[in-house]
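A closer look at the structure
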Amino acid sequence: MRTFGMWGTPIVRDPNAVSPETLEDLRALVLREDARQRGTKIGTFNASKTESDLLVLSDPPLKVLRDAIVEIEGRMLSALRIEHEVTGRGVLAEAWGVVYHDWGFHRVHSHHDSAWSGVLYVDMGDSRDEDGQIEFLDPRPSACARHPGQPAVTTIKPATGEMILFPSWLEHWVTPHQGTRPRIVIAFNLGYGVAA
Ligand SMILES: [Fe+2]
């Protein structure tokens, strides 16, 4: 007889994923790439995305970003005790910047073609406390009927510098940013290659 977890929904939070200096560099980099207007606006309102190729650019701060992504991925694997499942498989990652302007938000979605997805909050802008939050929907739609004290939506209000990681299939959205200084994030997807 064997028991195994099916639909666990772990979320890892790292409040200080990179240094303030790196955040400044990444902020400038996202704005630079955003100005090229190569990305899609799918799913967003009053926000724009860069192309999802940030990690292949040669800017040194992106090496720091990649290291932080690999570190939080390691934290997730060890928390779930599933490191052995990806032994010998290379990590594949892509990242893109998102710039939210006044009233900018992101509609409900999940991420495709990846195992884990995450966000680095580069600059939360001048939004009010209750704005610019990320909200996750419980993947078990009926769970709240039996556990009324357990909300169907989990809300995270990240601070500048925080990085989060969650399963890519988990549905989520971003509440409107209300402020004149843009809210800037770097989102990323992470998956694995085929074992050698
Ligand atoms: Fe997302």
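Heads up: the structure comes first, above all this text.
Rules used in this analysis
- Residue indices begin from 1 for each chain and proceed along its sequence in written order.
- Residue-level local features of this predicted model are given only where pLDDT is at least 70; pairs of side-chain atoms are given and counted only at 80 or more, and the full residue set underlies all totals for whole chains, interfaces and linings.
- The way it works is that DSSP assigns letters per residue, a run of H or I at least four long becomes a helix, a run of E at least two long becomes a strand, and they are numbered from the N terminus.
- What the globule rule says is 2.2 Å times the number of residues to the power 0.38, and the radius of gyration is computed from C-alpha atoms.
- Any residue surrounded by 20 or more other C-beta atoms within 10 Å of its C-beta is treated as buried, while 12 or fewer makes it exposed and the intermediate range makes it partly exposed; C-beta atoms here are placed from the backbone.
- Here contacts are defined at the residue level, using C-beta atoms placed from the backbone and a cut-off of 7 Å between them.
- For a helix, the expected span equals 1.5 Å multiplied by the residue count minus one.
- Arc definition: directions from the helix axis to the C-beta atoms.

**Some thoughts on the overall build of the chain**
On a plain count of helices and strands, the chain comes out with 3 helices and 9 strands. Listing every helix and strand of the chain by position from the N terminus yields β-α-β-α-β-β-β-α-β-β-β-β. For 196 residues, the compact-globule estimate of 2.2 N^0.38 gives 16 Å, and the C-alpha radius of gyration of the chain, at 17 Å, lies within 12% of that figure. Taken over the C-alpha atoms alone, the chain extends approximately 55 × 45 × 30 Å along its principal axes. Across the 196 residues of the chain, 31% fall into the buried class. Long-range pairs, those at least 24 residues apart, make up 84% of the contacts in the chain with a sequence separation of at least 6.

**What about helix α2 (residues 60-80)?**
Taking 1.5 Å of rise per residue, the 21 residues of α2 would be expected to cover 30 Å, and the 31 Å separating its terminal C-alpha atoms lies within 8% of that figure. Within α2, burial applies to Pro61, Leu65, Ala68, Ile69, Ile72, Glu73 and Met76. One side of α2 holds all its buried residues, which, seen down the axis, span an arc of 135°. Along α2, exposed side chains directed more than 90 degrees from the buried face belong to Pro60, Lys63, Asp67 and Ser78. Here the buried face of α2 lies against β1 (12-14), α1 (20-35), β3 (91-109), β4 (116-123), β7 (163-167) and β9 (183-192).

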